[in-house]
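Working through the structure, step by step
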Amino acid sequence: MKKVLIALLALLMLLPLCALGEENTEETIQLHKNLTVDINAEYVDMGDIRMSGSDFDRLIEKLQQMPNLKKVDMFASPVWKSHIEKFVAALPDVEFGWTMRFAEHTIRTDATAFSTLHNNKSETHSSKHWTILKYCKNLVALDLGHNNITDLSFISDLPSLKVLILACNYIEDISPLANHPNLEYIELFKNRIKDISVLATMPNLIDLNLCYNYIEDYTPLYGMTQLERLWIYNSNNYMTSKPVPEDIVNGLIEALPNTHIDYTNYSTGGGWREHDRYFVIYEMFKNGTYIPFASPADANLTEAE
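As a starting point, this report considers the structure included with it. This one's a predicted model, so the numbers in the text were calculated from it and none came from an experiment.

Turning to the packing of helix 2 (residues 53-63) against helix 3 (residues 81-90), a few remarks are in order. At a closest axis distance of 10 Å, the pairing of helix 2 and helix 3 adopts a crossing angle of 15°. Viewed along their axes, helix 2 and helix 3 adopt a mutual orientation that is roughly parallel. Judged by the sense of rotation from one axis to the other, the crossing of helix 2 with helix 3 is right-handed. Only H83, K86, F87 and A90 of helix 3 make contact with helix 2, whose side of the interface consists of G53, F56, D57, L59, I60 and L63. Split into classes, the residues belonging to the contact of helix 2 with helix 3 amount to 6 nonpolar, 2 polar and 2 charged.

Further remarks concern the nonpolar core. If you look at the biggest cluster of nonpolar residues, it comprises 73 residues, and the most contacted ones within it are M74 and L199. If you list the elements that add at least two residues to this core, you get strand 1 (28-32), strand 2 (35-38), helix 2, helix 3, strand 6 (99-102) and helix 4 (246-255). Top contributing element to this core by residue count: helix 2, with 4 residues. The contacts of M74, once residues within four sequence positions are left out, are M46, M51, F56, L59, V79, F87, F96, G97 and W98. Counting residues in hydrophobic clusters, the runner-up holds 19 residues, among them F189, W231, W272 and Y290.

The subject of this paragraph is the sheet that holds strand 4 (residues 71-73). To summarise the sheet geometry, strands pair through backbone hydrogen bonds and adopt either a parallel or an antiparallel arrangement. Pairing within the open sheet is parallel, and its 3 strands lie in the order 3-4-5. Edge positions in the open sheet fall to strand 3 (43-45) and strand 5 (95-97), since each of these has one partner strand only. With strand direction ignored, the average angle separating the axes of adjacent strands in the sheet is 10°. One ladder, built from 3 bridges, connects strand 3 with strand 4; its direction is parallel. The residue bridging Y43 from the neighbouring strand is K71, located in strand 4.

A few words on the side chain of D143. Residue placement: D143 occurs in strand 9 (residues 141-143). Engagement of the side chain of D143 in a polar contact is seen with the side chain of S115, the distance being 2.7 Å. Within the structure, D143 has its side chain in polar contact with the backbone nitrogen of G145 (distance 2.9 Å). In contact with D143, other than residues within four places in its own chain, are F114, S115, T116, I165 and F285.

The rules behind each value
- Residues numbered from 1 in each chain as written.
- Predicted model: local features only at pLDDT ≥ 70, side-chain atom pairs only at ≥ 80, totals over all residues.
- Heavy atoms only, no water.
- Axes fitted to C-alpha atoms, helices over the stretch in contact; angles between N-to-C directions.
- Helix = DSSP H or I, 4+ residues; strand = E, 2+ residues; numbered from the N terminus.
- Parallel < 35°, antiparallel > 145°, perpendicular 65-115°, else oblique.
- Left-handed = near helix turned anticlockwise from the far one by under 90°.
- Contact = heavy atoms within 4.5 Å.
- Nonpolar A, V, L, I, M, F, W, Y, C, P; charged D, E, K, R; others polar.
- Core = buried A, V, L, I, M, F, W, Y, C linked by side-chain atoms within 4.5 Å.
- Buried < 20%, exposed > 50% of the residue type's maximum accessible area, 1.4 Å probe, protein only.
- Pairing = 2+ DSSP bridges.
- Polar contact = N/O pair within 3.5 Å; in protein donor to acceptor, adjacent residues only side chain to side chain.

Next comes the structure, spelled out in structure tokens:
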């Protein structure tokens, strides 16, 4: 009897070890029939796997079981917008990589620069099309010129913007730009803007084009001594022959002695797009990658060399 008790006691002592061994054997997780990964992985690449609606729901459940997950790339795996929202809601701390498609445009969520490359003959898109940009948190340069934008709310989701082109739209309210102190270059010509007070919150802004708007008060510009270029032709009365009043022009010239102020040339005239920075912008939108402007120190170094 004593031997039986000893044997039972030994068996009981081994049971926790057996259970622990079974738990540790589950080192992988099957995310899809064609993809199995380490359950403790921090990064997952879904490749070009195509999924249906129910597949997405199952994938979300599987990803939630990965305790160390930080990033999932699905750039080559088409995802519906409704499921993108589900992924974000279910896994708010995970960075997802998606390729967003709308109309004739495509943008990856890791892009640092994006332009529709529109002109006055292109198909235009309204504000609702641009809500998808809230998933493109890495954007530093954005060109949505020549569209049908009226609401800039989506801009609030892009905290890293430095270059912003919104020319030739139907924008009245630019207050959503309030939390973008890093902006350096802005084109706002040919809109319906009256209030520009938000611009005074941008200490890094050096290029500003306000031609063809309905601006009523220019005093927010008076303290922006860091501005290097300011275009204001017809910025007070869109598409009329009424120029900006002489007293306002003189006031701006006095307040901004180191700023090149153009009040006689139309929106892109007078050399606006002949400056070195514009050619940098052209390259970044052509290639889809942000390129920093040369600092004054860099320019002086180049001249010395």
